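# Chain and residue survey
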Amino acid sequence: MGLYPEIEPYDRGMLDVGDGNRVFWEACGNPRGKPAVVLHGGPGSGCTPGFRRYFDPAVYRVVLLDQRGCGRSTPHASAYDTDMSVNTTARLIGDLELLRRELGIGRWLVWGVSWGSVLGLRYAQTHPESVSELVLAGVATASSAEVELLTRGLGQIFPEAFERFLAELPADDRDGNLAAAYNRLIESSDPAVRARAARAWTDWETAIVPAPPRSVKRYEDPVFRLAFARTVTHYFGNDHFLGLPEDGLPEGQGEGQGQAVVLRDAPLLKGVPGTLVQGSLDLGNLLGVVWRLHHAWPGSELVMVDDVGHNAGAPGVVDELVAATDRYAPREEAPF
C-alpha cells in the first residue's frame, strides 16, 4: 500500500494563540474534503512534509501544525528567553480548538504519533464533540510510569548508555526525576551547560532505539536539539501537565502526582472510533499501556505490527496507518 504521493500545501498561516505565541499551520489535499489534523511527536519535534502522505489527498483536507515552541512556530524553545511556563498540554489543546474554529471546521479526524497520540487522546477526552475519529501510532499515555521506564527503567537494557546519561547530572540529582534534573540543566543561564545537557539527552534518546542505526540526523542540528530536549524534559519533568486544574479536573485531583489520567479517562472516548497501530517491539509495550487503553476504550481497534519498534515510518506501520485513514475516508462528498 505505502504512502500517498508527495503534495504541497494550498494554504498556510501563523495563528496568534495568545501568551505571545504564534502557531504555524498548513493545509493540503482537498479544500472541500474531510478534515484531519496531524499531531506530531516529541513533545517538540514539529511536523514534516512526510506526514501529509498518510491521507488520500482527493478526499482529505489535511491540517498540519507545529505545536508551541517548535518547528516554524514562534517563539522557538531554543531561545533562552522563551517562556516555557505557557507551554502545557491544556494550552496545546486550546490551540487546537482555536485553529479548528479559525478554519471553520466542525469535527476532524485526529492523527497522532508518539506524544501526538497522548495529545490526541486528551483532546478527544476533553472535546469529544470536535473529534470524528482517532488514528494513533507509537501509542503512549504519558503516565509517570512511562516516563520512569524511558528515563531509568531502560537503563537495565542499555547499561552503558545509561551510565553516560547519568554521568552528565550532578551526583545529587541522579536518584530523583531524571527528566526534571536534565530540564534544570537545559534552563541554565550558561549556554555551554544547556548545549551539553541537550546533547546528552538526545544521545540517550537515540541509544534506546532497539535497532540500528543509533543516530538521528535532526539531532545533529544544535537549534533543533536544544529546543527538542528543552521541550521534552519540560513535559516529562512535570507529568506532562496532566491532571492539573487547568486540565479540566476539579481542584485537588491529579495535581501532577503522575496519575495515569489518560488511561483512567479512556471510557470518555466511548462513541469516538479509533485505530491504534503499535509496533510489537515498541519498548513502551513493556508496561502494557496500549493493551489496557484498547480494552478500556469502547469502539477502538488495536493493530500490532510484528518486528517493529517505536517508528511510524516503518513499512508495516505505514501500511496500517494509511489503511486506517482510508477506512475513515468518505467516498462521496459531504459537508464538514
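Here's a quick rundown of the structure. These numbers come from a predicted model, not from an experiment.

### Structural notes on the environment of Ala329
Tracing the chain through its elements places Ala329 in the segment after helix H10 (315-328). C-alpha of Ala329 to C-alpha of Arg72: the two residues are 257 residues apart in sequence and 29 Å apart in space.

### Things to note about H10
End to end, H10 covers 20 Å across 14 residues, agreeing with the expected 20 Å (1.5 Å per residue, within 8%). Inspection of H10 places Val317, Val318, Leu321, Val322, Ala323, Ala324, Thr325, Asp326 and Tyr328 among the buried residues, and these make up the whole buried set. Against the buried residues of H10 lie strand E3 (34-39), strand E4 (60-65), strand E5 (108-113), strand E6 (131-137), strand E7 (274-279) and strand E8 (300-305).

### Re unusual backbone geometry
Look at the link from Gly42 to Pro43: it is a cis peptide, with omega at 0 degrees. With an omega dihedral of -5 degrees, the bond running from Thr74 to Pro75 counts as a cis peptide bond. Residue placement: Pro75 occurs in the loop between E4 and helix H1 (89-102). One non-glycine residue, Ala142, adopts positive backbone phi at about 65 degrees. Considering the arrangement of structural elements, one finds Ala142 in the loop between E6 and helix H3 (144-151). The class for Ala142 is buried, based on a relative accessible area of 9%. We note that Asp239 has phi near 50 degrees; this positive angle belongs to a residue other than glycine. Among the secondary structure elements, Asp239 is positioned in the loop between helix H7 (222-236) and helix H8 (261-264).

Reading guide: rules and limits
- Residues numbered from 1 in each chain as written.
- Predicted model: local features only at pLDDT ≥ 70, side-chain atom pairs only at ≥ 80, totals over all residues.
- Heavy atoms only, no water.
- Helix = DSSP H or I, 4+ residues; strand = E, 2+ residues; numbered from the N terminus.
- Expected span 1.5 Å × (residues − 1).
- Buried < 20%, exposed > 50% of the residue type's maximum accessible area, 1.4 Å probe, protein only.
- Contact = heavy atoms within 4.5 Å.

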